[in-house]
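# Breakdown of the fold
Below are the chains, spelled out letter by letter.
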Amino acid sequence: MSEHDSTAEHGNTPAIVCENLVKIYKTKDVEVVALQGLDLTIERAEMSAIIGNSGSGKSTLMNILGGLDRPSAGTVMVDGKDLLKYSDRDLIEYRRSVVGFVWQNVARNLVGYLSALGNVMLPMVFAGARDRRKRAEELLTIVGLSKRMHNKPSELSGGEQQRVAIALALANKPAILLADEPTGSVDTRVAGTILQAFRDVNRELGVTVVIVTHDPRVSRAVDRVVAMRDGRTSTELIRRGPAIEDLSQIPDLANGYDHDATHDEFVVLDKAGRLQIPAHILEQLGVHGRDRLIVETDADGIRLRPQPKEAAGEAAEPGER
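What comes next is a walk through the structure. (Residues numbered from 1 in each chain as written. Predicted model: local features only at pLDDT ≥ 70, side-chain atom pairs only at ≥ 80, totals over all residues. Heavy atoms only, no water.)

### Looking at the overall build of the chain
- Within the chain, the secondary structure is distributed over ten helices and 13 strands.
- Buried positions account for 46% of the 321 residues belonging to the chain.
- Put simply, of all contacts in the chain between residues at least 6 apart along the chain, 68% involve residues at least 24 apart.
- By element, 49% of the accessible surface of the chain is carried by carbon and sulfur atoms, the whole surface being about 16,900 Å². (Helix = DSSP H or I, 4+ residues; strand = E, 2+ residues; numbered from the N terminus. Buried < 20%, exposed > 50% of the residue type's maximum accessible area, 1.4 Å probe, protein only. Contact = heavy atoms within 4.5 Å. Areas by Shrake-Rupley, 256 points an atom, 1.4 Å probe, with all protein chains shown as cover.)

Structure (structure tokens):
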């Protein structure tokens, strides 16, 4: 059993469960709904990515899962814990021991005057953990920095700094590792080494890894990709076949790539029976936001097709009179 395998404690419950999650930001003059009834399940020891355009709600979701913000309504369970019932003090302990965070801004992750080893040991010092040096050395070895652990951040490359940050986030043995755009500012080769580090800690330690990103390269490294749109999960991409083993060989995907070659795409149906059709499919059908679709069922399942234009015109006539 790995150090993060809490199946015995929580049974087969998922690592993360969000149901009808709502987050509303209010100011004096405006109200913004960042999450609109989001549903999401992440299984234990899964390595997944959450993708979406700016404003889709993915950063808001990350802040809620990390205990940095509170939802306005709904349910959010992380590692069997109901975050809506947590006090401010409970959330401090939650951030210290249940989740680890890796930020895109490396300066936010590391203390400049400490070595890589000192940075990873620091949260263990505050927690009063024993065998701090041994654990820090083990974590730095897992992320491929056994020969660089005595170097300070200024002596490390950007990719190496980010790998130190991954080891640091795991110092207090969290069950879940959250990463916010960890490859957003590096080239393809460096992105590969960072993703390989996430893959290694996921496999060797059994920690659940959730990466929030807009980087299409991440899709090649994870088990599942959850796409968000307008504050809800819209589709999921499940990898078909084995993952790329050597992530340093991931192609340059600056212009995106054809998901169909590597993943199966699924739309997500919520408890109310609502689903979001991917934008590229609606564009192919010439369907717009408030157009009607005809729903048909047969032995193979459910079929949606655009309402014929002449029927749409006839339906509109009574309202015009």
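### Here's the deal with the side chain of S48
- Mapping S48 onto the fold places it in strand β3 (residues 47–51).
- The exposure class assigned to S48 is buried, which follows from its relative accessible area of 0%.
- In contact with S48, not counting residues within four places along its chain, are I42, V209, V210, I211, V222 and R224.

### A look at the pairing of β3
- Taking burial as the measure, the five residues of β3 include five buried ones, the bulk of the element.
- Burial along β3 is two-sided: the residues M47, A49 and I51 and S48 and I50 are all buried.
- Pairing analysis gives five bridges linking β3 to strand β8 (residues 208–213), with the strands arranged parallel. Looking across to β8, one finds that M47 is bridged to V209.
- As judged from the four bridges shared by β3 and strand β9 (residues 224–229), these two strands associate in the parallel manner. Note that in β9 the partner of S48 across the bridge is R224. (Pairing = 2+ DSSP bridges.)

### Observations regarding unusual backbone geometry
- Backbone geometry places D131, a non-glycine residue, at a positive phi of 50 degrees.
- Its place among the elements puts D131 in the loop between α5 (116–127) and α6 (132–142).
- Residue D131 is classed as exposed on the basis of its relative accessible area of 60%.
- Positive phi, normally seen in glycine, also occurs at K173, with a value near 60 degrees.

### Structural notes on the environment of L38
- As for its placement among the helices and strands, L38 is situated in strand β2 (residues 31–42).
- By relative accessible area, which is 0% here, L38 ends up buried.
- Considering only alpha carbons, one finds L38 and S234, 196 residues apart in sequence, at a separation of 9.3 Å.
- Beyond its immediate chain neighbours, meaning those up to four positions away, L38 contacts C18, E19, N20, L21, L61, M228, G231, R232 and T233.

### So, the pattern of salt bridges
- According to the stated counting rule, one finds 13 salt bridges in the structure shown.
- Across the pair R224 and E46 runs a salt bridge whose closest N-O atoms are separated by 2.7 Å. Separated by 178 residues along the polypeptide, R224 in strand β9 and E46 in the loop between β2 and β3 bring together distant segments of the chain.
- Its relative accessible area of 9% is what places R224 among the buried residues.
- The exposure class of E46 is buried, given its relative accessible area of 11%.
- With a closest N to O distance of 3.4 Å, R148 and E160 form a salt bridge. Pair noted here: R148 is in the loop between α6 and α7 (158–169) and E160 is in helix α7, with a separation of twelve residues, a long-range link.
- Given a relative accessible area of 15%, E160 falls into the buried group. (Salt bridge = Lys/Arg side-chain N within 4 Å of Asp/Glu carboxyl O.)

### Comments concerning a nonpolar patch on the surface
- On the surface, V267, L269, L275, L293, V295, I302 and L304 cluster together to form a nonpolar patch covering roughly 630 Å² of accessible area.
- Only β12 (293–298) and β13 (301–306) provide two or more residues apiece to the nonpolar patch. (Patch = residues over 30% accessible without salt bridge, like charges linked within 9 Å, V, L, I, M, F, W, Y side chains within 5 Å.)

### Observations concerning the packing of aromatic side chains
- The tally for this structure, following the rule as stated, stands at two aromatic pairs.
- Between Y86 and Y94, the aromatic rings sit 6.1 Å apart at their centres with planes inclined by 85 degrees, giving edge-to-face as the arrangement.
- According to the relative accessible area criterion, Y94 is buried, its value standing at 1%.
- Taking the centre distance of 4.3 Å and the plane angle of 5 degrees together, the rings of F101 and W103 count as stacked. The burial state of F101 is the same as that of W103; both residues are buried. (Phe/Tyr/Trp six-rings, centres within 6.5 Å; stacked < 30°, edge-to-face > 60°.)

### Thoughts on the sheet that holds strand β4 (residues 73–78)
- Reading across the sheet, the four strands line up as β2-β1-β4-β5 and stay open at both edges, with antiparallel pairing between neighbours. Of all strands in the sheet, those with a lone pairing partner are β2 and β5 (81–82), marking the two edges.
- Looking at chain direction, strand β1 (residues 16–26) and β4 are connected through five bridges and run antiparallel. Residue C18 lies in a different strand from β4, and its bridge partner there is V76.

### So, the nonpolar core
- Counting 46 residues, the largest nonpolar core has V120, L140, I166, L177, F198 and V201 as the members making the most contacts within it.
- Taken together, the elements giving at least two residues each to this core come down to β3, α5, α6, α7, β7 (176–180), α8 (188–205), β8 and β9.
- Per element, the largest residue contribution to this core is seven residues, and it comes from α8.
- Formed by 30 residues, the second largest nonpolar core is a distinct cluster that contains I16, M62, V78 and L83. (Core = buried A, V, L, I, M, F, W, Y, C linked by side-chain atoms within 4.5 Å.)

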